[in-house]
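Here is how the chains run, residue by residue.
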Amino acid sequence: MSIITVEDLVKSYTTYKRGSGFKETLKSFFKREEIEIKAVDHISFQIKKGSICGILGPNGAGKSTTIKMLCGALYPTSGSIDVMGYSPAKDRMKYVQKIGAVFGQKSQLIWDIPPVDSFAMNKAIYGIEDAEYKRRLGEMAELFDIGEVMYKPTRVLSLGERMKCEFVMAMLHGPEIVFLDEPTIGLDVIAKAKIREVVSEMNRNGTTFILTTHDLEDVEQLAQEVIVINHGKKVFDDSLQNLKSTLGNKKIVSLSLAKAFNEEKLRSVLGDVPVIPGSNDHEILLEVDLDKQNIRDFLGSLNGIVDFKDISIKELPMETIITRIYSE
Amino acid sequence: MKYIKIYFACVKTAFAQAAAYRADFIMGSFITLLSNILFPLVTILIYANGAEFPGWNMWEVLLIQSIYSMSTGISSMLLSSVVWVTMDHIREGSFETVLLKPVSPLFFIISANFDVQSIGLFLGGVIMMVIAVVHTGIGSVLDILSFLLLFVAGIMVLCGMNLIMAAISFKWVGNSRIPEIFDSISTFGKYPLSIFPRTVQILSVIVIPVAVIGFFPASALLGRVDKEAFLALIPCVLFLCFGVWLYNKMIRLYEGVGG
Amino acid sequence: MKKLKHKFEECKAVAFVTYKEWSAYRTHSLVSVFVGPVYFIVQYFIWTAVYGDAGSLAGLELSETIRYFGASALIGYLTMDFADWNLQMLIRTGKFLTFTLRPMHHRFFALSQKLGHRVLGFFFEFLPCLLIFMLLFKVEILPDRMGWTFVSVALAFLMNFYVNYCLGMTAFFLVKANGIRVVYQLFAQIFSGALIPLNFFPKVLQSVMIFLPFQYTNYIPAMVWTGSESIGVLKLNVPQAVLAQAFATILMFVLSEVLYRCAMKRFTAVGA
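Bear in mind that the values here come from a model prediction, so they are computed numbers and not experimental data.

Calculation rules
The residue numbers shown here count from 1 along each chain, following its written sequence. Labels are handed out in written order, letters beginning with A for the chains and numbers beginning with 1 for the ligands. Owing to the predicted nature of the model, reporting of local features is limited to residues with pLDDT of at least 70; listing and counting of side-chain atom pairs is limited to 80 or more, with chain, interface and lining totals taken over all residues. The secondary structure listing takes helices from DSSP runs of H or I that are at least 4 residues long and strands from runs of E that are at least 2 residues long, numbered from the N terminus. Exposure criterion: with C-beta atoms placed from backbone coordinates, a residue whose C-beta has 20 or more other C-beta atoms within 10 Å is buried, one with 12 or fewer is exposed, and one in between is partly exposed. Residues are scored as being in contact if the C-beta atoms we place from backbone atoms lie within 7 Å. Three classes are used, and their members are as follows: Ala, Val, Leu, Ile, Met, Phe, Trp, Tyr, Cys and Pro are nonpolar, Asp, Glu, Lys and Arg are charged, and the others, Gly among them, are polar. By definition, pLDDT measures how confident the predictor is in each residue, and it falls between 0 and 100. Two strands form a pair only when DSSP identifies at least two bridges running between them. The angle between two axes is taken between their N-to-C directions and runs from 0 to 180 degrees, where each axis is a line fitted to C-alpha atoms and a helix contributes only its stretch in contact. Working rule for helices: expected span equals 1.5 Å times residues minus one. What sets the label is the angle itself: under 35 degrees gives roughly parallel, over 145 gives roughly antiparallel, 65 to 115 gives roughly perpendicular, and the rest give oblique. The sense of a crossing depends on the near helix, which, turned anticlockwise from the far helix by less than a right angle, makes the crossing left-handed and, turned clockwise, makes it right-handed. In plain words, the nonpolar core is the set of buried Ala, Val, Leu, Ile, Met, Phe, Trp, Tyr and Cys residues that C-beta atoms within 7 Å link up. Source of the domain bounds: an automatic or database domain assignment.

Some words on the overall build of chain A
Okay, so step 1: When its secondary structure is counted, chain A shows twelve helices and 13 strands.
Okay, so step 2: A buried classification covers 34% of the 328 residues belonging to chain A.

With respect to the overall build of chain C
Okay, so step 1: A count of helices and strands for chain C gives twelve helices and two strands.
Okay, so step 2: Along the chain direction, N to C, the helices and strands of chain C fall in the order α-α-β-β-α-α-α-α-α-α-α-α-α-α.
Okay, so step 3: Along the longest, intermediate and shortest principal axes, the C-alpha atoms of chain C span 65 × 40 × 40 Å.
Okay, so step 4: Per-residue burial over chain C gives 46% buried out of 272 residues.

Observations regarding the interface of chain B and chain C
Okay, so step 1: Contact residues are listed per partner, giving 25 residues for chain B and 25 residues for chain C.
Okay, so step 2: Breaking the side of chain B that touches chain C down by element, the ones donating at least two residues are α2 (22–36), α3 (39–48) and α10 (178–186) of chain B.
Okay, so step 3: Its residues assigned to classes, the side of chain B that touches chain C shows 17 nonpolar, five polar and three charged.

Describing the confidence of the model for chain C
Okay, so step 1: Averaged over every residue, the pLDDT of chain C is 90; residues scoring 70 or more account for 99%.
Okay, so step 2: Scored as a whole, the predicted complex attains pTM 0.84, and scored at its interfaces, ipTM 0.88.

Some words on the sheet that holds strand β5 (residues 99–103) of chain A
Residue and element names in this part refer to chain A.
Okay, so step 1: Pairing within the open sheet is mixed, and its six strands lie in the order β5-β6-β7-β3-β8-β9. Of all the strands in the sheet, the pair left with one neighbour each is β5 and β9 (233–239). Taking the axes of each pair of neighbouring strands and ignoring which way they run, one obtains an average angle of 15° across the sheet.
Okay, so step 2: When β5 meets strand β6 (residues 177–181), the two strands line up parallel, connected through five bridges. By the bridge assignment, Phe103 is partnered in β6 with Asp181.
Okay, so step 3: Its contacts with the sheet place helix α9 (residues 240–247) against β8 (225–230) and β9, and it is angled at close to 110° to β9.

Considering the interface of chain C and chain A
Okay, so step 1: Contacts between the two partners involve 23 residues from chain C and, on the opposite side, 27 residues from chain A.
Okay, so step 2: Those elements giving two or more residues to the side of chain C that touches chain A turn out to be α1 (2–23), α5 (96–100) and α12 (238–270) of chain C.
Okay, so step 3: A per-element tally of the side of chain C that touches chain A places α1 of chain C first, with nine residues.
Okay, so step 4: Across the side of chain C that touches chain A, the residue classes tally to ten nonpolar, six polar and seven charged.

Some words on helix α3 (residues 62–79) of chain C
Side chains that are three or four residues apart share a direction in an α-helix, a result of its 3.6 residues per turn.
Okay, so step 1: Over its 18 residues, α3 of chain C runs 26 Å from end to end, which matches the ideal 26 Å to within 8%, given 1.5 Å per residue.
Okay, so step 2: Of all the 18 residues making up α3 of chain C, 14 are buried; the element is thus mostly covered by neighbouring parts of the structure.

What about the pairing of strand β10 (residues 250–257) of chain A?
Residue and element names in this part refer to chain A.
Okay, so step 1: Strand direction decides the pairing type here: β10 and strand β12 (residues 283–289), joined by seven bridges, are antiparallel. Within the sheet, the bridge partner assigned to Ile252 lies in β12 and is Glu287.
Okay, so step 2: Relative to strand β13 (residues 308–314), β10 runs antiparallel, the two being bridged by six bridges. Paired with Val253 across the strands is Ile313, a residue of β13.

Structural notes on the packing of α1 of chain C against helix α6 (residues 106–136) of chain C
Residue and element names in this part refer to chain C.
Okay, so step 1: With their axes 7 Å apart at the nearest point, α1 and α6 run at an angle of 50° to one another. Comparing their axes, α6 and α1 come out oblique. Seen from above, α1 lies across α6 with right-handed handedness. Contacts between α1 and α6 involve Glu10, Cys11, Val14, Ala15, Phe16, Val17, Thr18, Tyr19, Trp22 and Ser23 on the former and, on the latter, Phe109, Ser112, Gln113, Leu115, Gly116, His117, Val119 and Leu120.
Okay, so step 2: Within the contact of α1 with α6, the residues separate by chemical class into eleven nonpolar, six polar and one charged.

Details of the nonpolar core
Okay, so step 1: Membership of the largest hydrophobic core comes to 197 residues, with the highest contact counts inside it found for Ala101, Val168, Val178, Phe179 and Ile210 of chain A, Val157 of chain B together with Met159 of chain C.
Okay, so step 2: Per-element accounting of this core gives the leading share, 16 residues, to helix α9 (residues 141–171) of chain B.
Okay, so step 3: In this structure, Ala101 of chain A is in contact with Cys71, Ala170, Val178 and Phe179 of chain A together with Leu101 of chain C, ignoring residues within four places of it in sequence.
Okay, so step 4: Met121 and Ile125 of chain A together with Ala15 and Met104 of chain C belong to the second-largest nonpolar core, a separate cluster that totals nine residues.

Regarding the domain arrangement of chain A
Residue and element names in this part refer to chain A.
Okay, so step 1: Partitioning chain A into structural domains gives domain 1 (2–245) and domain 2 (248–327).
Okay, so step 2: Listed by partner, the interface residues are nine residues for domain 1 and seven residues for domain 2.
Okay, so step 3: Grouping the amino acids of the side of domain 1 that touches domain 2 by side-chain chemistry returns five nonpolar, two polar and two charged.

So, the environment of Glu182 of chain A
Residues and elements named next belong to chain A.
Okay, so step 1: In this structure, Glu182 sits in the loop between β6 and α7 (189–204).
Okay, so step 2: Taking the number of C-beta atoms within 10 Å as the measure of exposure, Glu182 has 19 and is therefore partly exposed.
Okay, so step 3: The sequence separation of Glu182 and Met121 amounts to 61 residues, and the corresponding C-alpha distance is 25 Å.
Okay, so step 4: Here Glu182 is in contact with Gly104, Gln105, Thr212 and Thr213, once residues within four sequence places are set aside.

Overview of unusual backbone geometry
All names here are of chain A.
Okay, so step 1: Backbone geometry at Met84 places phi at a positive 50°, although glycine is not the residue there.
Okay, so step 2: Relative to the elements of secondary structure, Met84 occurs in the loop between β4 (78–83) and α3 (92–96).
Okay, so step 3: The partly exposed category is assigned to Met84, around which 14 C-beta atoms lie within 10 Å.

Looking at the arrangement of the chains
Okay, so step 1: Across the two pairs of chains in contact, the largest number of contacts is found between chains A and C.
Okay, so step 2: If you take every C-alpha in chain A and every C-alpha in chain B, the smallest gap between them is 11 Å, and the two do not touch.

What to know about the pairing of β5 of chain A
Side-chain positions along a regular strand alternate between the two faces of the sheet.
Okay, so step 1: Among the five residues in β5 of chain A, five count as buried, and that is most of the element.
Okay, so step 2: Both faces of β5 of chain A are covered, namely the face carrying Ile99, Ala101 and Phe103 of chain A and the face carrying Gly100 and Val102 of chain A.

Some remarks on the environment of Ser76 of chain B
Okay, so step 1: If you trace the backbone, Ser76 of chain B turns up in helix α4 (residues 58–79).
Okay, so step 2: Excluding residues that lie within four positions of it along the chain, Ser76 of chain B makes contacts with Asp115, Ser118 and Leu121 of chain B.

Considering the packing of α3 of chain B against α4 of chain B
All names here are of chain B.
Okay, so step 1: With their axes 10 Å apart at the nearest point, α3 and α4 run at an angle of 170° to one another. Between α3 and α4, the angle is such that the two are roughly antiparallel. Packed against α3, whose contacting residues are Phe39, Pro40, Thr43, Ile44 and Tyr47, the element α4 presents Met58, Val61, Leu62 and Gln65 at the interface.
Okay, so step 2: Classifying every residue of the contact of α3 with α4 gives seven nonpolar, two polar and no charged.

This is how it looks when you write it as structure tokens:
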């Protein structure tokens, strides 16, 4: 059963071309050249109740605009959104009671006082009953391990601790859907892991999550469904499994060489593994398909032919994924 | 010599910055000017309603206030931002960056934060003064010289005030309202001294010599200053020295504790 | 009824949190306890000198004028806010978004914040200054007509809030909204009556002021406080003046509502 249904969603902005210099500015004062930007361009999708859906895309692709419309903070230019029977922007006051939202870069906590006081404020705003509030706060404090942290002033908390408290703040009223916009941005590995663990846990209890991110790892570890957006258009909408099989199980091996590399020699050994030149001729990136080749064997074979100083293994970058999806 | 070079280099940068954001700069100076020439309005309204400060006509009182604006303008250009900059550094815990520079910390803060915008305030004062002087006339050359002397002394008092406020902000962390204390005290310097009772007069000449900011120079220009007024030069110099000493002491304390 | 109770709970919670938030800075209010009395002393000497032997100036007696300045300062402590600055900041940084995601009108949120902030002002600015005026300076500062004064100050509290909230909302429409705020404050300084009772202004200007918001935030409540029977150019008595205030406040509320709707239309369309 789908909890969110989006049909033919469009969001376009009109901006004005602004000249620089006095004359141009004066001219634009009287006659402005309009430019229409389509941030979201005819997107439709459905999200199942109780799932975790990742919305992926490079910066400026329209992810944030989409999630803002889903939250009711923005009116769509055209098209329709139905979340639990509400039209978010139209029924905003009633609707936001039922949802939670965490915006990675926009804190809802109050800077100078402990998070627990901010929680108490939200208790009143959302009209949470005393008993329910106590139960949920106890539960979540344990889950996030913030039992002590939440009594310290927000300004002294680390970014990770603050983020955990943002999550609690957004979920105290027991929302059925929680929107996460870049929730792990700027966090260290341990904090990221904790956040992901808790999201999975809450999800098992029935909460639906929608998250936007450009961190592929977030999606890999959390999402069951993936929607990829680029230039305002939906380019992929399927399960994570299918995204993986589309892309293949690939890693990028990045090498820093001691000597400038000899492309011919590399080719002869690597065969059909794509070689991408790096930013200078002492750097190369190799794309390894793990379904075809064991990573250990691959590194072993490298050892003999190139003299490298440093090596790292990464996920495919977002841009590569987008181009790959297009070419499919 | 090195210090003078650095100072002028910094002032030049400040002007260049102001020129780069011309519209903001003009708007800013204009607002500074308007909001600071407001207080003569009260004087004008008092005289317009047929009342007066005993022994002073309107133009004479306005002369005091215009000179006050000029001194404030100059001292603000020189070091009004010291208070804000120190306050920010202490709150953010970034005062170390100042200590890293190979010059005296006080000197560095003063020169790096030349406040061009206060020129609006100074110019406003000048315009007002010219208008007032046209009506009051001025005394002899000697009077003008004593005016200049007292005017400089007044600027010294204001600079001393700024430094003391900045020094307080080392201890009273993050209190953006500290300058209000200083504004309120200096109000005593904006009106003819004779309207205040004897104790207040003595306090505002000797302890915190605010009377020297506007009142004494104006009286000098009108040729009605007593010789004793020049004794007030001593507290002015002492006041500035006290400001410098206090600020430097706070820096040393800060170094000791390390923030 | 239940809705009203919920509103009350919301207001209480937000006010309490704001109170707590600003408590960290309560020593800053001590500046007011120094500055307020100092300005009052200056006013006292200025006006004592100016009045000289004159019985009354601009229709006010010396004692009335002195009381006026005391009342004006005290009302300032009870009604000041920076809803304008705060809202402009929220809009500029995009943080306003987080408020559209909560089931509470932001204006009500901001008003509750102001309430909490002013409770702090009541204890750390208003009360100490009142006591200094009464006990140290021996000025008869307490209002004659307590009930009317209370209503009048409450209206000034709301009026000032709605005006500032409207100024804050200009940031939805303009990039350089800060300039508008500064210019408004400049005018407010002159025409609110905090600098000098409006009686001293030329009659024409006083008449124009009736149609502008400034005097309703300070001059009129301060005159009501002193118990004057002839307030402003219209020579209103106390109940009439309070009625005029109520009218102005309602008008301002309506304006803020209209502006808020326009702003929301724009915000939800552009997402500023």
